[in-house]
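Notes for the structure review
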2 protein chains.
Amino acid sequence: MHIDLLACTALYCNVSTYIKGVGTILTDQLITLFEEIVGKENVQTSSVHRLAYSYDATAQFQAMPDAVLSPRNTKEVSEIVRLCQSKKIPIVPRGSGTNLAAGTVPSSGGIVLLFKHMNSILELDEENLTVTVQPGVITKDLIEYVEQFDLFYPPDPSSMKISTIGGNINENSGGLRGLKYGVTRDYVCGLEVVLANGDIIRTGGKLAKDVAGYDLTSLFVGSEGTLGIITEAILSLIPRPVYKETMLAFYDSLEQAAETVSSIIANKIIPATLEFMDQATLEVIEEFAKIGLPTDVEAVLLIEQDGKEESVKREMEQIEQICRENYARNVSVAKDEKEAEELKTARRAALSALARKTPTTILEDATVPRSKIAEMVRAIRRIATKYNVTICTFGHAGDGNLHPTCLTDVRNMEEIERVEQAFAEIFQAAIELGGTITGEHGVGEMKAPYLEWKLGKEGIEVMKKIKDALDPTHIFNPGKVFAKSAKKRVVVSGGSDSTRAKDPSGI
Amino acid sequence: MHIDLLACTALYCNVSTYIKGVGTILTDQLITLFEEIVGKENVQTSSVHRLAYSYDATAQFQAMPDAVLSPRNTKEVSEIVRLCQSKKIPIVPRGSGTNLAAGTVPSSGGIVLLFKHMNSILELDEENLTVTVQPGVITKDLIEYVEQFDLFYPPDPSSMKISTIGGNINENSGGLRGLKYGVTRDYVCGLEVVLANGDIIRTGGKLAKDVAGYDLTSLFVGSEGTLGIITEAILSLIPRPVYKETMLAFYDSLEQAAETVSSIIANKIIPATLEFMDQATLEVIEEFAKIGLPTDVEAVLLIEQDGKEESVKREMEQIEQICRENYARNVSVAKDEKEAEELKTARRAALSALARKTPTTILEDATVPRSKIAEMVRAIRRIATKYNVTICTFGHAGDGNLHPTCLTDVRNMEEIERVEQAFAEIFQAAIELGGTITGEHGVGEMKAPYLEWKLGKEGIEVMKKIKDALDPTHIFNPGKVFAKSAKKRVVVSGGSDSTRAKDPSGI
């Protein structure tokens, strides 16, 4: 089902421009060797299979793998890596392909590695509050599993119904609850990783404190499959909040919504969720979900707090007052859990809803310090007007993580060029506000040319040294994170801010 | 004052055995060049100054630096690094020297870098809940500064009165509040770092979410000065808890105290502090602090909860009941903040109190999953008896981070040998229980030979590759973290557990 959905998107891609790796580099002899490792049924080389794994959820990127392998355990992963290393065959680990930065497109061909057989929850340890999982576990299944034991795994990317934990770890996925609870990295306390030479290491453990050596766990989390293949993870859990309340606040002005966000935090309240949607997004969501949202407002905030009942009630009253002080036209509290769930589900469906409107949807995740939300939203609107493109904006206002989303059509090359220019300018605006080019989607192939804007040449150089040290032949997910050449920055707003990447001391 | 205290300890060291680097490698010409960078008054080469920085708080380790430099800004640090790089001169960054793993001893001579001029709190950002600091800021000063704004910086190493934030970041320091609030790494969201080639990079930012590239911030945190020199940090803050309560529970049996710890967590309560002290520690603390602690019990738990008043009150009632169910002989709640502070200060003074008893105190921090606390305490007692050495145990029971502390005398070579054997066996016991050789003190020079027990050869190899990539000439804090040779493990308890480091898949 999900493959089909993505396949539809891919059809709109300008395949002839972007498809790569169509000439197979695998000999029959090599395929036999792979079959000996994982079993004949777990090696797929047909065109249909290869096509199905030639793209992810990112528009405009596609490349054919040479084979799709489904190992059954860590030992098999290690053997695959050793064989690939000996022949310099690229390996792209892949979860459910919900990636939005072309992080799982096999840009240089080679092997796509699936974890459909390595999808077990291995152990729940209630004394140490950890759960040990294989990479193929679906995020939502894990969340629901631990909730049965009154435990809580907070990271909740919008794709959590189909995304896998392995994919989340590789991308350091965020979600709606990031503001209060952090992101995936904050919950990974140990990993099993297959290295480029086939060695298997274990990092961390069921430990609240561990300073024995460099933090390899955090290094592998978010490394987008470019440093090693993650084959097992120990995740930390927290007690499940016993009570929650959800509220919507509607605004006639974007600025007032943004001011509310700042004001809530300045009042030392950290809501579990603090989501923002602009009018365009709201209209589309209402059309899609039909839950009675008003569509004549300029912005809406979706606010959830969780915790002990009395604390939540008191804080939600404070939040309601702050919303009103900031000129919310209307504030409505969900009357029960069902209504609250409907609201959150509608918010999570924003991408799907927008995707119905035009052939191509490009969802970005420029992120700024939360104090800069209003400025960033204004910048996005200005840029959209300048390039005459349609951009809806929603996202995690509480952590400054916005999702400007462009409704377009990849077949319209002239428009796509304007879209690309607009996004380049949006990334630049985010950087100038002290932000980053990606808050939770990753760099992948798509944002690699922009990475230098955030890290500077010197920062990229440090990353390259680490990549070369751990994967000297670049067999792990080649073409991702590191670009052949950086995009040139255009000085838009002038002033010293725009030279930031060149002069790191001036940030 | 603090230097004097450490100097006294150092006097007991077998200096002739351990002192290194006494022959200076600095020519007059080089000293002049350093003076040109930082100013004449910030270059110290006298014997007195060099002796003062030849050791830290770790017994048995001492080595003379060739010069002590106090740069005034990042640019000067960068220039020092470039000069040292050109001449292959070691650089050891140093906070207040409270390190307990010989992490700041200049083992190969060279330059000790002090941050006494780089000790400013640069900015408090109330909207983004961050504070930007230089490395020389004293931890407690920072904590008290942000508390004025009702904000909270949780990491509270016991040495926080004199330790610096720079030292805390290099060591990824923990503390009493680690169970609920995490450790230093959890609060570092951005760094300015001088690299081995003198380049200056900035990692992270005031961002709740940022996946632009590898997590260099987490890599530098806890790298013990071996990868770069940290010159500035952005720390994230949280709202200050409005209310707290502190309680002591006394036990006639170690096991019952340990069972209480497990039981509190199993009841989904995460206290802010959950400290353990054995009878020996309690006696010494009472003798030192005279606050009326009973000394005829086998163990005591110091428990603090913070948060909203009503939640705290309810949880403390639950905790009290859990203590009683686990046969606490007596449970007493501190009647006010003053009494609570007295108790915590007494606990923090454990090391100082123990240090008064014998010429040498060796404080360790073997750490286990919290479910293994009782087993670990038993193992420590068994090992102390086996080697006929005096070991008191206290520590952060809630996060499995114990501090077995040996009262000894470095002049007694025969006893010291037994002490070393005992600690080696304690580290091994921790590893066998799924733990680590160091929870919060770091590896330094002292624990380097044991690191392979935790990480395996393959894990060490990954770290070495990163070290070589970022500091190819090893000018940054040489001799730390990486040992010339690993200690051989002795199979003590038999069984498959003890082969763990050799077979990472068997953890």
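Conventions and cut-offs
- Each chain has its residues counted from 1, running along the sequence as written.
- Written order decides the labels, with chains lettered from A and ligands numbered from 1.
- Local features are withheld for residues below a pLDDT of 70 in this predicted model, meaning they are given only at 70 or higher, and side-chain atom pairs are given and counted only at 80 or more; totals for whole chains, interfaces and linings count all residues.
- With hydrogens and water excluded, all non-hydrogen atoms of the structure serve as input to the side-chain values.
- Here a strand is any run of E in DSSP of at least two residues, a helix any run of H or I of at least four, and the numbering for each starts at the N terminus.
- To get the radius of gyration, use the C-alpha atoms; to get the globule rule, take the number of residues to the power 0.38 and multiply by 2.2 Å.
- Between buried and exposed lies partly exposed: a residue is buried under 20% and exposed over 50% of the maximum accessible area for its type, with that area taken using a 1.4 Å probe on protein chains only.
- Whether two residues are in contact is decided by their heavy atoms: any pair within 4.5 Å suffices.
- Exposure was quantified through the Shrake-Rupley algorithm and a 1.4 Å probe, taking into account, for residues, occlusion by the shown protein chains and nothing else.
- The charge count includes Lys and Arg as positive and Asp and Glu as negative, but it does not include His or the ends of the chains.
- Charge coordinates come from a single atom per side chain, which is NZ of Lys, CZ of Arg, CG of Asp or CD of Glu.
- Accessible area that two parts lose when put together, with a 1.4 Å probe and added across both, is what the buried area reports.
- Criterion for a salt bridge: a side-chain nitrogen of Lys or Arg within 4 Å of a carboxyl oxygen of Asp or Glu.
- UniProt positions are given in the numbering used here, feature names are shortened, and annotations may be inferred rather than shown by experiment.
- Only strands joined by at least two bridges in the DSSP assignment are considered to pair.
- All axes here are fitted lines through C-alpha atoms, helices being fitted over the stretch that makes contact, and every angle between N-to-C directions spans 0 to 180 degrees.
- In this document the domain limits rely on a domain assignment from an automatic tool or a database.
- Identification of polar contacts relies on pairs of N or O atoms within 3.5 Å, with a donor-acceptor requirement for protein atoms, meaning one able to donate a hydrogen and the other able to accept it, and with residues adjacent in sequence counted only if both atoms are side-chain atoms.
- All copies are superposed by least squares; the fitting set is the C-alpha atoms of residues with a pLDDT of at least 70 in both.
- Residues belong to one nonpolar core when they are buried, are Ala, Val, Leu, Ile, Met, Phe, Trp, Tyr or Cys, and are joined through side-chain atoms within 4.5 Å.
- Expected span of a helix, by definition, is 1.5 Å for each gap between consecutive residues, and there is one gap fewer than residues.
- What pLDDT reports is the predictor's confidence in each residue, on a scale of 0 through 100.

Counting secondary structure elements, chain A contains 17 helices and 18 strands. Compactness check: chain A gives a C-alpha radius of gyration of 23 Å against a globular reference of 23 Å for 507 residues, within 12% of the reference. Each principal axis of the C-alpha distribution contributes one length, and for chain A these read about 70 × 55 × 45 Å. Expressed as a percentage of the 507 residues in chain A, the buried residues total 64%. Taking the contacts inside chain A whose residues are at least 6 apart along the sequence as the reference set, 74% of them involve residues at least 24 apart. Accessible surface for chain A amounts to roughly 18000 Å². Of this, 51% is attributable to carbon and sulfur atoms. Each charge class in chain A can be summarised by its mean position, and for the 55 positive and 70 negative side chains these summaries are 4 Å apart.

The next thing to look at is the interface of chain B and chain A. Taken together, the contacts link 84 residues of chain B with 84 residues of chain A. Summed over both partners, the interface of chain B with chain A comes to about 6900 Å²; 62% of that surface belongs to carbon and sulfur atoms. When the area that chain B buries against chain A is broken down by residue, the three leading residues are K209(B), V211(B) and Y214(B), summing to 15%. Taken together, chain B and chain A are joined by 14 salt bridges. Across the pair K454(A) and D210(B) runs a salt bridge whose closest N-O atoms are separated by 3.5 Å.

A few words now on the UniProt feature "domain: FAD-binding PCMH-type" (unreviewed entry) in chain A. Following the UniProt record, the feature "domain: FAD-binding PCMH-type" (unreviewed entry) maps to residues 61-240 of chain A here. End-to-end, the C-alpha atoms of residues 61-240 of chain A are 39 Å apart, and along that stretch the chain is 22% helix and 24% strand.

Here the focus is the sheet that holds strand β17 (residues 390-396) of chain A. Two strands in a sheet stick together by hydrogen bonds in their backbones, pointing the same way (parallel) or opposite ways (antiparallel). Residues and elements named next belong to chain A. Read across the open sheet, the 7 strands follow the order β15-β12-β14-β13-β17-β18-β16; overall the sheet is antiparallel. Either end of the sheet is taken by a strand with one partner, and the two such strands are β15 (330-333) and β16 (360-363). Averaged over all pairs of adjacent strands, the angle between strand axes in this sheet comes to 15 degrees, irrespective of strand direction. Strand contacts of helix α15 (residues 373-387): β13 (273-278), β17 and β18 (401-408), with the helix running at about 15 degrees to β18, the strand carrying the most contacts.

Attention now goes to the pattern of salt bridges. For the structure shown, the criterion picks out 85 salt bridges over all chains. Note that E364(A) and K447(A) form a salt bridge whose closest N and O atoms lie 2.5 Å from each other. In this pair, E364(A) is assigned in the loop between β16 and α15 and K447(A) in the loop between α16 (413-432) and α17 (451-470), connecting sequence segments 83 residues apart. Residue E364(A) is classed as buried on the basis of its relative accessible area, which comes to 2%. With its nearest N and O atoms 2.7 Å apart, the salt bridge here joins E414(B) to R418(B). Remark: R418(B) and E414(B) occur in helix α16 (residues 413-432); sequence separation between them is 4 residues, near one turn of the helix. Using a relative accessible area of 48% as the deciding quantity, one classes E414(B) as partly exposed. Several salt bridges share partner residues, and in doing so they unite E41(A), R72(A) and E76(A) into one network.

Take the domain arrangement of chain A next. How big an interface is tends to be expressed through the accessible area that disappears when the partners come together. All names here are of chain A. Partitioning chain A into domains gives domain 1 (2-114), domain 2 (121-239), domain 3 (243-348) and domain 4 (358-506). Each of domain 1 and domain 2 has a C-alpha centre, and the two are 24 Å apart. Between domain 1 and domain 2, the residue contacts involve 14 residues of the former and 17 residues of the latter. Together, the buried faces of domain 1 and domain 2 total about 1300 Å²; carbon and sulfur atoms form 62% of this surface. Across the contact surface, domain 1 and domain 2 share 1 salt bridge. Of the charged contacts in the structure, one is a salt bridge between D199 and R82, with a shortest N-O distance of 3.9 Å. At the boundary of domain 1 and domain 2, one finds 7 residue pairs in polar contact (both at pLDDT 80 or more). Elements that contribute at least two residues to the side of domain 1 that touches domain 2 include exactly α5 (74-87) and β3 (91-94).

Among the secondary structure elements, S96(B) is positioned in the loop between β3 (91-94) and β4 (111-114). Within polar-contact distance, the side chain of S96(B) engages the backbone oxygen of I162(B) at 2.4 Å.

In this section: the sheet that holds strand β1 (residues 43-44) of chain B. Residues and elements named next belong to chain B. With mixed pairing, the 4 strands of this open sheet are ordered in space as β1-β2-β4-β3. The two strands at the open ends of the sheet, each matched to only one other strand, are β1 and β3. Across 4 bridges, the pairing between β3 and β4 is parallel. Residue I91 lies in a different strand from β4, and its bridge partner there is I111. Running over the sheet, helix α5 (residues 74-87) touches β2 (67-69), β3 and β4 and is turned about 170 degrees from β4.

Overlay of chain B on chain A (RMSD 0.0 Å): rotation 180 degrees, translation along the axis 0.0 Å. Such a combination of turn and shift is consistent with a two-fold rotation axis. The overlap is high: 100% of the interface residues of chain B also sit at the interface in chain A, so the same surface is used on both sides.

The next point concerns the nonpolar core. If you look at the biggest cluster of nonpolar residues, it comprises 198 residues, and the most contacted ones within it are F220(A), L235(A), M376(A), F220(B), L235(B) and M376(B). In this structure, L235(B) is in contact with L129(B), T130(B), V131(B), V133(B), L142(B), Y153(B), I165(B), I169(B), Y187(B), V188(B) and C189(B), ignoring residues within four places of it in sequence.

All names here are of chain B. Taking 1.5 Å as the rise per residue, α5 with 14 residues should run 20 Å; its terminal C-alpha atoms sit 20 Å apart, in good agreement. T74, E76, V77, S78, I80, V81, L83, C84 and Q85 are the residues of α5 that are buried. Taking the backbone nitrogen of K75 as reference, a side-chain oxygen 3.2 Å away marks N73 as the first, capping residue of α5. Taken from the residues just after α5, K88 is the one with a positive phi, measuring 55 degrees.

Our focus in this paragraph is the confidence of the model for chain A. Residues and elements named next belong to chain A. Residues with a pLDDT of 70 or more make up 92% of chain A, whose mean pLDDT is 89. Within the model, the stretch residues 1-23 combines pLDDT values under 50 with 43 contacts to residues more than four positions away or in other chains. Contacts for the low-pLDDT stretch residues 491-507, under 50 throughout, to residues beyond four places or in other chains number 25 contacts.

Attention shifts here to the pairing of strand β18 (residues 401-408) of chain B. Residue and element names in this part refer to chain B. The buried fraction of β18 amounts to 8 of the 8 residues, a majority that puts the element mostly inside the structure. Along β18, one buried face is formed by N401, H403, T405 and L407 and the opposite face, lined by L402, P404, C406 and T408, is buried too. Bridge analysis of strand β17 (residues 390-396) against β18 gives 7 bridges, and the strand direction is antiparallel. In the strand pairing of β18, C392 is matched with T405.

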